[in-house]
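So you can see what is in the structure, the chains are spelled out below.
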Amino acid sequence: MTAVASRQAHADTTRTVSAGGWHSISPLLVAVLSAAGAYLVHRVFIRTALGQSVDTAAMRGGDVRHEQVTEVLSRTLGATQLAVLAVVCLVAAVVGALRRRFDLSIGAALLVVAANVACQQFKAHLDRPDLDGSAMPNSFPSGHTAAAASVAFVLILAFPRALRGAMGLIGAAYVTLVAVATVWAEWHRPSDTVAALLIVLACGALITWVIRLRRWGGPRPSSTPARVATLPLALVGAVSAAAFTFGLAALVLSERVLPDLVTGRFAFFTGVAGIVAAVAVTFHLWVRVTAGDPLSGSDNGGNAR
């Protein structure tokens with residue numbers, strides 16, 4: 001019995017160490033993959049003629065004339081202002097402080113600053129060769145999308161885990177509206193918004209990794225994410241990714257083999273499908289990353305989801 005108990009204890013310890021190591025390293029892996037994804041988007045849609053042509057066609061196809069749709073999109077863009085973002089970040093910082101998680105308050109502020117500064121610096125210094133004849137200046141990545149996504153990420157990070165699922169769904173819906181609105185207004189191409197989402201996710205995951213390193217050895221709750229958010233996001237992501245793949249293939253055929261195969265509206269909705277898929281994937285990953293965040297003193301045990 002003693003030998004059996006000893007082996008069982010050793011196995012439990014090994015699993016705990018392994019789980020703890022993965023818990024600490026997983027945000028860093030998400031950050032690296034997100035940064036690589038943003039780089040890939042830039043290489044495909046900015047540095048190639050075909051990528052630029054498809055991207056620009058998706059932007060210019062969004063000639064939306066429906067009065068109610070136009071009003072909703074215009075108001076959504078207008079609401080993404082620095083003052084609003086500052087207030088939301090202040091609320092997140094206060095919530096973090098009330099939860100006795102000052103590391104989350106600091107991390108929330110760093111996430112917003114890092115993500116938005118990174119996007120503005122990339123936009124200012126990245127070159128966009130005119131390969132599609134549009135003669136439009138560089139707009140990669142989207143500052144509006146980065147601002148909206150960073151605020152949504154901050155709220156998910158700062159609020160208790162019991163509310164993170166709902167915050168994830170609300171944030172994903174809001175960011176989707178902002179991203180689509182920027183394309184509809186011809187401020188940005190779809191690739192600009194996708195890259196912004198990936199940059200925000202990379203910054204957030206990197207900051208989360210630093211927070212977990214700081215709390216190494218402390219109590220670690222179950223990292224089961226809120227299914228109220230992950231299941232809908234996974235479903236929406238899968239459907240929209242399939243629609244985007246089909247639409248992108250048709251756009252490539254139209255550009256290279258069969259001119260006028262698709263309409264401008266088809267190109268626009270293909271871009272929208274790509275944006276929806278990117279939002280679903282990034283928010284799904286962020287909800288999963290934050291689910292492993294250690295509980296505060298005010299959270300109730302390991303049951304909050």
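Everything below is about the structure shown above.
A brief report on the enclosed structure follows. Everything numeric in this text was worked out from a predicted model, so none of it was measured.

### Some remarks on the overall build of the protein
For step 1, the next point in the chain: Within the protein, the secondary structure is distributed over 10 helices and 0 strands.
For step 2, the next point in the chain: For the protein, the succession of helices and strands along the chain, N to C, is α-α-α-α-α-α-α-α-α-α.
For step 3, the next point in the chain: Here the analysis covers contacts within the protein between residues at least 6 apart in sequence; of these, 85% occur between residues at least 24 apart.

### A closer look at the environment of Tyr-39
For step 1, the next point in the chain: For Tyr-39, the location among the structural elements is in helix α1 (residues 2-45).
For step 2, the next point in the chain: Distance from Tyr-39 to Ala-195, taken between C-alpha atoms, is 8.0 Å for residues 156 residues apart in sequence.

### So, unusual backbone geometry
For step 1, the next point in the chain: For the peptide bond that leads from Phe-140 to Pro-141, omega is -5°, which places it in the cis range.
For step 2, the next point in the chain: At Ala-135, a residue that is not glycine, the phi angle is positive and equals roughly 55°.
For step 3, the next point in the chain: Within the secondary structure, Ala-135 is located in the loop between α5 (102-125) and α6 (143-158).

### Remarks on the side chain of Ser-34
For step 1, the next point in the chain: Take Ser-34: it is sitting in helix α1.
For step 2, the next point in the chain: Of note is the side chain of Ser-34, whose polar atom sits 2.7 Å from the backbone oxygen of Val-30.
For step 3, the next point in the chain: With residues near it in sequence (within four places) discarded, Ser-34 still touches Leu-198, Leu-201 and Ala-202.

### Some points on α6
For step 1, the next point in the chain: Here α6 spans 22 Å end to end across 16 residues, near enough to the 22 Å set by a 1.5 Å rise per residue.
For step 2, the next point in the chain: Within α6, 15 of the 16 residues are buried, leaving the element largely enclosed by the surrounding structure.

### Some thoughts on the packing of aromatic side chains
For step 1, the next point in the chain: Applying the stated criterion to the full structure yields 3 aromatic pairs.
For step 2, the next point in the chain: When the centroid spacing of 5.1 Å and the interplanar angle of 85° are considered together, the rings of Phe-153 and Phe-283 count as edge-to-face. On the criterion of sequence distance, the pair formed by Phe-153 in helix α6 and Phe-283 in helix α10 (residues 264-291) is long-range, its members being 130 residues apart.
For step 3, the next point in the chain: Here Phe-268 and Phe-269 contribute two aromatic rings whose centre-to-centre distance is 5.4 Å and whose plane-to-plane angle is 65°, an arrangement assigned as edge-to-face.

### Quick word on the environment of Gly-204
For step 1, the next point in the chain: In this structure, Gly-204 sits in helix α8 (residues 190-214).
For step 2, the next point in the chain: Residue classification places Gly-204 among the buried positions, given a relative accessible area of 1%.
For step 3, the next point in the chain: It is 8.7 Å that separates the C-alpha atoms of Gly-204 and Leu-110, two residues lying 94 residues apart in sequence.
For step 4, the next point in the chain: Beyond its immediate chain neighbours, meaning those up to four positions away, Gly-204 contacts Leu-111 and Trp-286.

Rules used in this analysis
All residue numbers here refer to positions counted from 1 along the written sequence of the relevant chain. In keeping with the predicted nature of the model, local features appear solely for residues at pLDDT of at least 70, side-chain atom pairs appear and are counted solely at 80 or more, and the whole-chain, interface and lining totals rest on all residues. Think of the side-chain values as coming from all heavy atoms in the structure, minus any hydrogens and water. Numbering of helices and strands runs from the N terminus, with a helix taken as a DSSP run of H or I at least four residues long and a strand as a DSSP run of E at least two residues long. Any two residues whose heavy atoms approach within 4.5 Å at even a single point are treated as in contact. What qualifies as a polar contact is a pair of N or O atoms within 3.5 Å, subject to a donor-acceptor requirement within protein and to the restriction that residues adjacent in sequence count only when both atoms come from side chains. Between the first and last residue of a helix there are one fewer steps than residues, each counted as 1.5 Å, and that sum is the expected span. Any residue under 20% of the maximum accessible area for its type is buried, any over 50% is exposed, and the rest in between are partly exposed; the area is computed with a 1.4 Å probe on protein chains only. To pair, rings of Phe, Tyr and Trp, with the six-membered ring standing in for Trp, must have centres within 6.5 Å; the planes then decide the type, stacked if under 30 degrees apart, edge-to-face if over 60, and tilted in the middle.

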